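# Per-entry structural report
If you want the building blocks of each chain, they are given just below.
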Amino acid sequence: MSGHSTYEPKYAAEKWLDKRLPIVRMGVDFMGFPSPRNLNYWYAFGGILTLCLISQIITGIILAMHYTPHVDMAFDSVQRIKRDVPFGWLLQPMHAVGAAMFFLAVYIHMLRGVFYGSYKAPRELLWVIGCLIYLAMMATGFLGYTLPWGQMSFWGATVITGFFGAIPIVGESLQQWLLGGFSVGNPTLQRFFSLHYLLPFIICALVGLHVWAVHHVGQNNPIGIDVKKKQDTLPFHPFYTMKDAFAIVVFLMIFAMFVFYLPDALGHADNYQRANPMVTPPHIVPEWYFLPFYAILRAVPSKLFGIILMFAAIAVMFILPWIDTAKVRSMRFRPIARWCFIIFLFMCFVLGWCGANSPSQIAIHMGEKGITFSTISRIATLYYFAFFIPILPLLGWFEKTKKLPKSITHAIHEGVA
Amino acid sequence: MSDKFADNSGYAHEGHGDDEHTRRDFIYIATGAAAAVGAGALAWPLVTQMSAAADTRAAGFVEIDISQVEEGQQIKVLWRGKPVFIRYRTQKEIEEADAVDVSTLRDPQTDDERFVPNFSGKINKKLLVMVGVCTHFGCIPYGEQGKVDPQSSFGGWYCPCHGSEYDTSGRIRKGPAPLNLLIPEYKYISETVIKVG
């Protein structure tokens, strides 16, 4: 897909440099990358995510200049950033809200990939690297949420590290090793800060591989058929740089709305209380982007099985390219899969709703009694897994797909792309 | 340079070619093994540094004066970063705990098994000492001063996080927690002082 280089150095200096270090050539070829001409706005999220990563790293490096990773000082140092540090009121929410926006973008990006079958051959590794990035993002998000050392930070860290304590035999020693003590304390905070600073650079490296892979196999597109001729493509610049730029502006408007007007809307009020190991907040909840997994964790009344299910919910994403047996990539041409996907999306929201509420609470009132969140989360968890196994493998065999267009260019002329 | 190269390859093919191969293989394996041992020896401190440090482990015990706790009261004392519950149980609570059929419990334990002998060598069923950490995900259950959460039906402790319920002996009765509230290692060092840890 890379094709041959279109770069021709004009001036002597350019030629001199090109012979010694063809870095300009690399950049020109990168920007001129032939992309399918029918990419829609769902394809702008790659660019948006790059921006999120850069923004998180820049604001993060700045916050680290003012933050103190010590149990006695962490909470105050974050408050100081918000109140006293010049423009801290802007930079701290940019980082905290930025994390939420990053997850919003990555979820859209992933669901886009599922809908258009972007994980199918030859893009399996591209997908798996993407899953690794998501995993690293989850770790980074969790570690970062601990740093302000409020009540939710502390108890979130206690609950999550408690997962490891559930592992038979080695659990307790493993948990003590992770915490650096008998419970979440100063050694925990310090290592979480160190790792929170490290992981984004690992994400950068993974993003490098992800982009390399997409440039090697080429982008998928909304109709999911391969690029056949040059007419099917457009150079990335200026066509998609402009399209991405517009999407980024819209995305930044939403981002800015949260940063300036609702900086705490996505967080939890309890995190404005100092961490207190003697008092558990009445209702521990993770950030919104972890709620569906939290609901899966609590869907079963067994500690170990709940943890296994939660990790399975993430692990199943990694094997998606091999469990979907359908030959047709895009769900635009898969009438049943499309509905199963829409239900899947709905169930993810349902799980999020269950995760935000207490399991024993009544979700839907019916006369005297009603349906509890625990029951609903069980149904949604069941569908979550059923979508991967057996729905996707079975559909590949039974589903009658619609007729695929001859080429991307044909599809555009016929008005279906 | 090229002469030397030719010499070398000639040497390898002459006579003891096979012999050379095994010797070279041996050197490869020996080098690899030495490197693996070295890497392992280096990895050990890099991994072990994360365990609880000596000062953290040294601060692992606490002495508690129990003389001020009155019947029906509970005090919380921080031990290893976690609260220890010291509950002076009422006669009714003790009777309730004794009345339970142990075979029906998730983590079977009689009430008596949850105590250590006091200073005079007998068990004091009035003073229940437990780690106040839910065995599910480590939240702190409610139940201070007999103010049991109205949602609990076993008269003991109730965890607000995921709804685990413990009875008046701190045994798990309902909800996702797998085990009874932990009894820490402790002993009476006088009539009125216990040492936890």
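The structure this text deals with has already been given above.
Residues numbered from 1 in each chain as written. Chains lettered and ligands numbered in written order. Predicted model: local features only at pLDDT ≥ 70, side-chain atom pairs only at ≥ 80, totals over all residues.

On to the overall build of chain B, then. Per the secondary structure count, chain B includes 4 helices and 9 strands. Its helices and strands in sequence order give chain B the pattern α-α-α-β-β-β-α-β-β-β-β-β-β, from N to C terminus. Across the 197 residues that make up chain B, the buried fraction comes to 27%. For chain B, the share of sequence-separated contacts (at least 6 apart) that also reach a separation of at least 24 residues comes to 49%. (Helix = DSSP H or I, 4+ residues; strand = E, 2+ residues; numbered from the N terminus. Buried ≥ 20, exposed ≤ 12 C-beta atoms within 10 Å, placed from the backbone. Contact = placed C-beta atoms within 7 Å.)

Quick look at the overall build of chain A now. A count of helical and extended segments in chain A gives 16 helices and 4 strands. Here the C-alpha coordinates of chain A stretch approximately 65 × 60 × 45 Å along the principal axes. Burial statistics for chain A: of 417 residues in total, 38% are counted as buried. Put simply, 74% of the contacts in chain A that link residues at least 6 apart link residues at least 24 apart.

As a further point, take the packing of helix 3 (residues 45-66) of chain A against helix 5 (residues 88-115) of chain A. Residues and elements named next belong to chain A. Put simply, helix 3 and helix 5 touch, their axes get as near as 9 Å, and they point 150° apart. Considering their axes alone, helix 3 and helix 5 lie roughly antiparallel with respect to each other. In terms of crossing hand, the pair formed by helix 3 and helix 5 is left-handed. (Axes fitted to C-alpha atoms, helices over the stretch in contact; angles between N-to-C directions. Parallel < 35°, antiparallel > 145°, perpendicular 65-115°, else oblique. Left-handed = near helix turned anticlockwise from the far one by under 90°.)

Now for the pairing of strand 9 (residues 193-196) of chain B. Here is the key point about a regular strand: its side chains alternate between the two faces of the sheet. Residues and elements named next belong to chain B. One ladder, built from 4 bridges, connects strand 1 (residues 62-65) with strand 9; its direction is antiparallel. For Asp65, the partnering residue across the bridge sits in strand 9 and is Val193. As judged from the 3 bridges shared by strand 8 (residues 186-188) and strand 9, these two strands associate in the antiparallel manner. For Tyr188, the partnering residue across the bridge sits in strand 9 and is Ile194. Here strand 8 folds back onto strand 9, and the loop between the two strands holds 4 residues. (Pairing = 2+ DSSP bridges.)

Further remarks concern the nonpolar core. Core analysis: the biggest nonpolar cluster contains 76 residues, and Phe102(A), Ala105(A), Val106(A), Trp149(A) and Cys139(B) have the highest contact counts within it. At 13 residues, the largest contribution of residues to this core is made by helix 5 of chain A. Once residues lying within four places of it in the same chain are set aside, the contact partners of Phe102(A) are Cys52(A), Gln56(A) and Met137(A). The next biggest cluster of nonpolar side chains, apart from the first, holds 23 residues, and it includes Phe293(A), Tyr294(A), Leu351(A) and Phe373(A). (Core = buried A, V, L, I, M, F, W, Y, C linked by C-beta atoms within 7 Å.)

Attention shifts here to the sheet that holds strand 4 (residues 127-131) of chain B. Residue and element names in this part refer to chain B. Spatially, 3 strands are ordered 2-3-4 in an open sheet, and the strand pairing comes out antiparallel. The sheet is open, and its two edges are formed by strand 2 (74-79) and strand 4, each paired on a single side. In this sheet, adjacent strand axes meet at a mean angle of 20° when their direction is disregarded. Looking at chain direction, strand 3 (residues 82-88) and strand 4 are connected through 5 bridges and run antiparallel. Bridging from a neighbouring strand, Phe85 pairs with Met130 of strand 4.

Turning our attention to the sheet that holds strand 6 (residues 165-167) of chain B. All names here are of chain B. Read from one edge to the other, the open sheet built from 3 strands follows the order 5-6-7, with strand pairing classed as antiparallel. This sheet does not close on itself; its edge strands, each paired only once, are strand 5 (155-158) and strand 7 (172-174). In this sheet, neighbouring strand axes are inclined to one another by 40° on average, regardless of whether the strands run parallel or antiparallel. The pairing of strand 5 with strand 6 spans 3 bridges and is classified as antiparallel. Within strand 6, the position partnered with Trp157 by the bridge is Tyr166.

This part covers helix 4 (residues 74-83) of chain A. Residues and elements named next belong to chain A. Inspection of helix 4 places Ala74, Phe75, Val78 and Ile81 among the buried residues, and these make up the whole buried set. Down the axis of helix 4, the buried side of the element spans an arc of 125°, and every buried residue falls inside it. Buried positions along helix 4 lie against helix 3, helix 5 and helix 9 (186-217). (Arc of directions from axis to C-beta.)

Residue position: Ile57(A) is located in helix 3. Along the backbone, Ile57(A) and Tyr197(A) are 140 residues apart, and their C-alpha atoms lie at a distance of 8.8 Å.

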